Amino acid sequence: MVKRKLSNQFLGNFLVMFLLTIMATVFAFVLLSLSSGLISDSLVKNRFTASSIIREDYRQIDASAVVESGGGVQVVDKEYRVVYSEGLDTIGKDELSTGEFTAFLTESRSRPYHYDILYQPEGEFWLIVTFPTSIRIDFAVVHNKEAYSGDMTRSGLVISAVVLIYLSILALLTFIYSRITAAGITIPLKKLCDGTKLLREGDYSARVDLRLKNEFAELQDTFNDMAARIEREVSLRKKSEEDRRRLILDISHDLKNPMSSIQGYAELLLDKRDMTEREKGEYIEIILNNSKRSNKLLNELFELSQMDSPEFTLRSERTDLCEYLRQTFGEIIPQLERAGFGYEFDIPEESVYAMLDKDRFGRIIQNLVNNAIRYNPQGTTVAVNLLVHDDKAVIDISDDGIGIPAHIAQDIFKPFVRADDSRNSGTGGSGLGLSIAKKIAEAHGGDLTLLPNVDKGSTFRITIPTV
Ligand code: ADP
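This write-up is about the structure you can find in this document. From a predicted model like this one, the values you see are computed outputs, not experimental measurements. Note on numbering: residues in each chain are counted from 1, in written sequence order. Reporting of local features is limited, given that this is a predicted model, to residues whose pLDDT is at least 70; pairs of side-chain atoms are given and counted only at 80 or more, and all residues count toward the totals for whole chains, interfaces and linings. The side-chain values count all of the structure's non-hydrogen atoms but skip hydrogen atoms and water molecules.

1. Quick notes on the packing of aromatic side chains
Selection rule: Centres within 6.5 Å make a pair out of two Phe, Tyr or Trp rings, where for Trp the six-membered ring is used; the pair is then stacked when the planes are under 30 degrees apart, edge-to-face when over 60, and tilted otherwise. Exposed residues in this analysis have more than 50% of their type's maximum accessible area, buried residues have under 20%, and partly exposed residues fall in between, with area computed by a 1.4 Å probe over protein chains only. Here, a charge over a ring is recorded when the distance from Lys NZ or Arg CZ to the ring centre is within 6 Å and its angle to the ring normal is within 35 degrees.
Taken as a whole, this structure holds 16 aromatic pairs when the rule is applied. Note on Tyr-343 and Phe-345: the rings are 5.9 Å apart at their centroids and 25 degrees apart in plane angle, and the pair reads as stacked. Phe-345 gets classed as partly exposed once you look at its relative accessible area, which sits at 34%. Among the aromatic residues, ring-to-ring pairing joins Tyr-80, Phe-101, Phe-104, Tyr-113, Tyr-115, Tyr-119 and Trp-126 into one connected group. In this structure, Arg-59 is placed above the aromatic ring of Tyr-58, and the distance from its NZ or CZ to the ring centre is 5.2 Å.

2. What about the site of the ligand?
How we decide: Working definition: residue near molecule or strand if any one of its non-hydrogen atoms lies within 4 Å of it. Any pair of nitrogen or oxygen atoms within 3.5 Å is treated as a polar contact; in protein, a donor-acceptor pairing is required on top of that, and neighbouring residues in sequence qualify only through side-chain atoms on both sides. Reported accessibility uses the Shrake-Rupley method at a 1.4 Å probe radius. Residues are deemed covered only where the shown protein chains occlude them. Elements are defined by DSSP. Helices are runs of H or I of four residues or more, strands are runs of E of two residues or more, and each kind is numbered from the N terminus. Three categories are distinguished: nonpolar for Ala, Val, Leu, Ile, Met, Phe, Trp, Tyr, Cys and Pro, charged for Asp, Glu, Lys and Arg, and polar for the others, with Gly belonging to the last.
By nearness alone, 23 residues border the ligand, and Asn-371, Tyr-375, Asp-399, Ala-419 and Leu-434 come closest of all. Side-chain polar atom of Asn-376 to a nitrogen atom of the ligand: 3.5 Å apart, as the coordinates give it. Considered on its own, the ligand offers 530 Å² of accessible surface; in the complex 98% of this is hidden by protein. Elements supplying a minimum of two residues to the shell around the ligand: α10 (358–375), α12 (433–443) and β11 (458–465). Among the elements that line the shell around the ligand, the one with the most residues is α10, at five residues. Its residues assigned to classes, the shell around the ligand comprises 10 nonpolar, nine polar and four charged.

3. Topic: the pairing of β11
Within a regular beta strand, the side chains point alternately toward one face of the sheet and then the other, so they alternate between its two faces. Rules: Whether two strands pair comes down to DSSP finding at least two bridges between them.
Among the eight residues that make up β11, six are buried, leaving the element largely enclosed by the rest of the structure. Pairing of strand β9 (residues 392–399) with β11, which is carried by eight bridges, proceeds in the antiparallel orientation. Looking at β11, one finds that Ile-397 is bridged to Phe-460. Here strand β10 (residues 447–450) pairs with β11 via four bridges, running antiparallel. Each residue of the ladder has a partner; that of Leu-450, found in β11, is Phe-460.

4. Remarks on the sheet that holds strand β2 (residues 82–87)
The test is simple: Every axis corresponds to a line fitted to the C-alpha atoms, with the helix fit spanning only the stretch in contact, and the corresponding angles, defined between N-to-C directions, vary from 0 to 180 degrees.
An order of β2-β1-β4-β3 is seen for the four strands of this open sheet, with the pairing classed as antiparallel. The strands lining the two open edges of the sheet, one partner per strand, are β2 and β3 (113–120). If you compare each strand with its neighbour and ignore which way they point, the axes differ by 15 degrees on average.

5. As for the side chain of Ser-458
This is how the line gets drawn: Should any heavy atoms of two residues lie within 4.5 Å, those residues are considered in contact.
Counting through the fold element by element, Ser-458 comes out in strand β11. When sequence neighbours within four positions are dropped, the list of residues in contact with Ser-458 reads Ile-397, Ser-398, Asp-399, Gly-403, Ile-404 and Leu-450.

6. Things to note about the packing of helix α7 (residues 215–271) against helix α8 (residues 277–308)
For clarity, the threshold we go by: Should an angle lie under 35 degrees it is considered roughly parallel, over 145 roughly antiparallel, and from 65 to 115 roughly perpendicular; all remaining angles are considered oblique. Each crossing gets its handedness from the near helix: less than a right angle anticlockwise from the far helix is left-handed, clockwise is right-handed.
Contact pair α7 / α8: the axes reach a minimum separation of 9 Å and the direction vectors enclose 155 degrees. Regarding the angle of α7 to α8, the classification is roughly antiparallel. The two elements α7 and α8 meet at a crossing, and its hand is left-handed. Taking contact as the criterion, the partners of Ile-251, Asp-254, Leu-255, Pro-258, Met-259, Ser-261, Ile-262, Tyr-265, Ala-266, Leu-268 and Leu-269 in α7 are, on α8, Lys-280, Tyr-283, Ile-284, Ile-286, Ile-287, Asn-290, Ser-291, Ser-294, Leu-297, Leu-298 and Leu-301. Its residues assigned to classes, the contact of α7 with α8 shows 16 nonpolar, four polar and two charged.

7. Observations regarding the packing of α8 against α12
It is at 10 Å that the axes of α8 and α12 come closest, and there the two elements cross at 30 degrees. As summarised for this structure, α8 and α12 are arranged roughly parallel, according to the angle between their axes. When the axes of α8 and α12 are compared, the crossing they make is left-handed. Between α8 and α12, the residues in contact are Glu-300, Glu-303, Leu-304, Met-307 and Asp-308 and Ser-435, Ile-436, Lys-439 and Ile-440, respectively.

This is how it looks when you write it as structure tokens:
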């Protein structure tokens, strides 16, 4: 529909242009003949005509004005001899044959000279005044009513046919031109329309390739850019919806067990009157442990969602990272020793400064060390390394323990992801610790990653910008 409309509009426009061109051409001819009439009196050929200088005796002719104006004067007598010649001479001979003189007279119009030829009957000579033509257009419609009517019809027919063919060719060219021009617009428009329709129908992978370099190419780039953005947004939204759904599922799953256990044992305590003190104590301890677990989970969830909220800010201050790490690990060493773990620290002596929210940053380190202790056997060594690289401090916390299976390494920072599905075992954590730690590192303008391809155990890397 768009195509037909536009191409018709173009055809209409071109037809109007075509008519206007014809009108302008006619107008130009009229103007040309009018203006040539206006200047004709001042042209030398009309000022110095043959009749104005002719004399009965050619010897009395004054050719000086003609010669001064760049022209020439010749007199040919009845024997076709050039008996007088001044200035410009296009005859080029002293004597002509009858044939040559006739040829000179008949062909004079086609040469780039203006000839004014007059016969003087008394002196029996021809006076020829010649001027070089400045510019001349020979175009005239000549018509005589006395012509033979058959000729008239034939000539009329030929002229009409030529005009008709000329107009038809022009019209055809106009049509073709309008189609080509319209196609230059309708084809890219159609492709863009098709792309938009695909987008509307939910196919966000739709892209347009017009192979053009004009404004349409700009539109195409904008369209493709827009489609790519929508595609990205939609897939991000899908992913975050999926993540949210999973999170809720995980939360409810993880809360369900301790909560029903608390409820069950509390009911038991109420119902069973003949309970020994030992039994009672056992039940209360189970209730306490389960409520601790639920409480820990809820606290961690609260912390995680707090960090996602726009109001979340760090209380950062410029801190010497090396000194801070030495101090923190000084507090952690007894914990490692109690667990029967070895340790190695490699922290430079000089000062490396970074903007730190000390409490929160400490949570990252505490979490990583706690994990190392919790998930690895006695005798495992925990190593801490700090080096500065390109305005960044890189802290590696590694252990030579059991390591993290490759298949979950990618997802380990997602909430509720655990290597062993230890949900039901009392030792298992919530699976939120690393998510929180990563978010804290990101809030510091850095990151927390798990290094791939380590030989043994696992290495977590904290990066943080130095100041
Ligand atoms: P959790 O509260 O379960 O410890 P995390 O997010 O801190 O949650 O850790 C996720 C999982 O990653 C853990 O359940 C554990 O299986 C694994 N993990 C973390 N650190 C280590 C480590 N140093 N060695 C082996 N496994 C680890």
